[in-house]
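Results of the structural survey
Here's the letter readout for the chains.
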Amino acid sequence: MQRIFHTPEGVRDIYNGECAQKKRLQHKIHDVFYRYGFQDIETPTFEYFEVFSNEVGTIPSKDLYKFFDREGNTLVLRPDFTPSVCRACASYFTPDQEPVGLCYTGNAFINSSSLRGRLKETTQMGVERLGDESAFADAEILSMLIECLIASGLKEFQVSIGQVDYFKSLLLEAGLPDEEEKKLRSLISQKNYFGVEELIREHDMDPLLARVFVELPQLFGSYQTLERAKSLTSNPSALKSVQRLEEIYELLRIYGYEKYICFDFGMLSKYQYYTGIIFHAYTYGKGEPIVKGGRYNELMKHFGTPAAAVGFVIIIDDLLQAINRQNLANDKTPETEVLYYDSDNMKEIICSAQKLREQGKAVSIRPKKENLQ
């Protein structure tokens with residue numbers, strides 16, 4: 001049987017300067033987490049299937065890496081940190097009594113068949129603020145996200161904010177069958193204006209409500225988009241969701257970060273646990289979002305401790321790729337000084353190396369080539 005030593009499809013080795021650069025990037029981002037008062041948490045690389053089951057609303061079951069323990073329980077490699085952190089929070093904290101801020105770093109695994117250049121294993125860093133349903137919590141999470149991207153070295157990026165409750169309020173009013181809802185969600189997410197128009201035409205729907213759905217794929221832009229969203233509907237819940245975005249925007253103006261913000265009412269995540277704001281961050285050199293996040297006020301119920309929550313995840317591998325494509329990687333790996341020893345000068349070389357290391361320099365001690373034979 002042929003022995004295979006190269007990496008499987010969808011994973012890769014990271015070494016030399018790139019690995020050092022990645023570690024430095026993680027340190028810069030973690031420093032932002034720390035300054036905002038978030039505590040580190042580590043959750044297991046694999047968990048019971050129930051933590052990521054379909055009812056949680058995370059990655060589809062077919063895209064999970066599954067295996068069994070000795071007792072026959074189904075285990076999965078972690079595809080998404082949020083359910084894991086929520087499970088841990090429900091076990092060890094009391095977010096219903098005092099808000100909890102947790103941050104994490106680790107790898108996630110998605111067994112997707114349609115790679116399109118995406119990795120199946122990615123390093124992710126993120127935060128979750130649990131037990132706080134305020135607009136202030138949303139704004140602070142967004143502020144921290146923006147500071148993380150600035151700390152990474154990015155100069156130009158955009159944070160696009162959507163509102164899941166706006167769409168859900170209109171769906172409730174429309175009363176579409178489940179299958180039609182899924183089709184509509186997919187078409188709006190793809191910005192398929194003509195597809196949405198065709199689907200709506202097949203249903204006997206109030207003309208004003210139909211108009212909103214048709215507008216959603218194109219309902220994105222600056223702060224003025226919020227006024228447009230309000231003008232399209234009289235649905236109380238939908239209007240309330242827009243008001244929430246206005247509050248968040250005003251708070252972001254206090255932080256001084258409004259220039260990075262735009263709005264997109266056609267943004268609908270495949271993660272079904274989002275309940276309020278949802279947001280993605282984009283930059284040049286990467287077609288996919290480098291950051292994803294939002295509010296998920298119902299997820300903690302699944303783990304027995306109801307609590308509002310909001311958070312985001314940074315895909316470190318994608319962020320690093322974008323930084324390099326924009327030629328922004330100016331923090332070069334420090335040079336390692338190499339000292340060579342033989343039997344006569346070994347003591348002297350060791351002492352010299354230790355002095356240099358005490359000064360914070362990188363030193364590698366190696367035998368002279370003739371001593372290797």
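The rules we used
Residues numbered from 1 in each chain as written. Predicted model: local features only at pLDDT ≥ 70, side-chain atom pairs only at ≥ 80, totals over all residues. Heavy atoms only, no water. Helix = DSSP H or I, 4+ residues; strand = E, 2+ residues; numbered from the N terminus. Buried < 20%, exposed > 50% of the residue type's maximum accessible area, 1.4 Å probe, protein only. Contact = heavy atoms within 4.5 Å. Areas by Shrake-Rupley, 256 points an atom, 1.4 Å probe, with all protein chains shown as cover. Lys, Arg positive; Asp, Glu negative; His and termini not counted. Charge placed at Lys NZ, Arg CZ, Asp CG, Glu CD. Pairing = 2+ DSSP bridges. Axes fitted to C-alpha atoms, helices over the stretch in contact; angles between N-to-C directions. Salt bridge = Lys/Arg side-chain N within 4 Å of Asp/Glu carboxyl O. Core = buried A, V, L, I, M, F, W, Y, C linked by side-chain atoms within 4.5 Å. Patch = residues over 30% accessible without salt bridge, like charges linked within 9 Å, V, L, I, M, F, W, Y side chains within 5 Å. Polar contact = N/O pair within 3.5 Å; in protein donor to acceptor, adjacent residues only side chain to side chain. Parallel < 35°, antiparallel > 145°, perpendicular 65-115°, else oblique. Nonpolar A, V, L, I, M, F, W, Y, C, P; charged D, E, K, R; others polar.

1. Description of the overall build of the protein
- From N to C terminus, the protein includes eleven helices and 14 strands.
- Within the protein, the fraction of its 373 residues that count as buried is 49%.
- Excluding contacts between residues fewer than 6 apart, the proportion of contacts in the protein whose partners are at least 24 apart in sequence is 70%.
- Accessible area for the protein stands at about 20100 Å²; split by element, carbon and sulfur atoms hold 49% of it.
- Side chains of the protein give 44 positive and 53 negative charges; the mean places of these two sets differ by 6 Å.

2. With respect to unusual backbone geometry
- Located in the positive-phi region is N16, a residue other than glycine, with phi close to 50°.
- Tracing the backbone shows N16 in helix α1 (residues 16-35).
- The residue K191 is not glycine, and still its phi comes out positive at about 60°.
- Topologically, K191 is positioned in the loop between α5 (178-189) and α6 (193-201).
- Take K191: its relative accessible area is 33%, and that puts it in the partly exposed class.

3. Description of the sheet that holds strand β3 (residues 66-68)
- Pairing is antiparallel in the open sheet, where three strands are placed in the order β2-β4-β3. Across the chains shown, the open sheet's two edge strands, defined by having one partner strand only, are β2 (46-48) and β3. Averaged over all pairs of adjacent strands, the angle between their axes in this sheet comes to 35°, without regard to strand direction.
- Two strands pair when backbone bridges link them, and β2 and strand β4 (residues 74-77) are joined in this way by three bridges, in the antiparallel orientation. Bridge pairing in β4 places Y48 opposite L75.

4. Concerning the pairing of strand β11 (residues 286-295)
- In terms of residue burial, β11 counts as a mostly covered element, since seven of its ten residues are buried.
- Relative to β11, strand β10 (residues 277-283) runs antiparallel, the two being bridged by five bridges. Residue F279 lies in a different strand from β11, and its bridge partner there is G293.
- In this antiparallel pair of consecutive strands, β10 and β11, the connection spans two residues, and G285 shows a positive phi of 90°.
- Relative to strand β12 (residues 309-315), β11 runs antiparallel, the two sharing five bridges. Each bridged residue has a counterpart across the sheet, and for V291 the counterpart in β12 is I314.

5. Focus on the pattern of salt bridges
- All told, the structure shown has 21 salt bridges when counted by the stated rule.
- For R201, the salt bridge is made with E197, and the minimal N-O distance between the two is 3.9 Å. Of this pair, R201 and E197 both sit in helix α6, four residues apart, which is roughly one turn of that helix.
- Judged by its relative accessible area of 59%, R201 falls in the exposed class.
- Among the residues examined, E197 registers a relative accessible area of 27% and is labelled partly exposed.
- Among the ionic contacts, a cluster of salt bridges with common partners joins D31, R35 and E147.

6. Considering the nonpolar core
- Core analysis: the biggest nonpolar cluster contains 70 residues, and M144, V159, Y166, L184, F213 and F312 have the highest contact counts within it.
- Broken down by element, this core gets its largest block of residues, ten residues, from helix α3 (residues 135-152).

7. Re a nonpolar patch on the surface
- Side chains of M346, I350 and I365 sit close together on the surface and give an oily, nonpolar patch of about 230 Å² of accessible area.
- Tracing the sequence through the fold places I365 in strand β14 (residues 362-367).

8. Re helix α4 (residues 164-174)
- Of the positions making up α4, those classed as buried are V164, Y166, F167, S169, L170 and L171.
- Along its buried surface, α4 packs onto β7 (157-163), α5, α7 (207-215), α8 (224-231), α9 (236-255) and β10.
- Its side-chain oxygen 2.9 Å from the backbone nitrogen of D165, Q163 forms the N-cap of α4.
- G175 sits one or two residues past α4 and shows a positive phi near 65°.

9. Points about the pairing of β10
- Buried residues dominate β10, accounting for six of its seven residues.
- In the sheet, β7 pairs with β10 via seven bridges, with the strands oriented antiparallel. For F157, the partnering residue across the bridge sits in β10 and is T283.

10. A word on the packing of α1 against helix α10 (residues 316-325)
- Where α1 contacts α10, the axes come no closer than 11 Å and their chain directions differ by 110°. Between α1 and α10, the crossing angle belongs to the class labelled roughly perpendicular. Across the interface between the two elements, E18, Q21, K22, L25, Q26 and I29 from α1 touch I316, D317, L319, L320, I323 and N324 from α10.
- For the contact of α1 with α10, the per-class residue count stands at six nonpolar, three polar and three charged.

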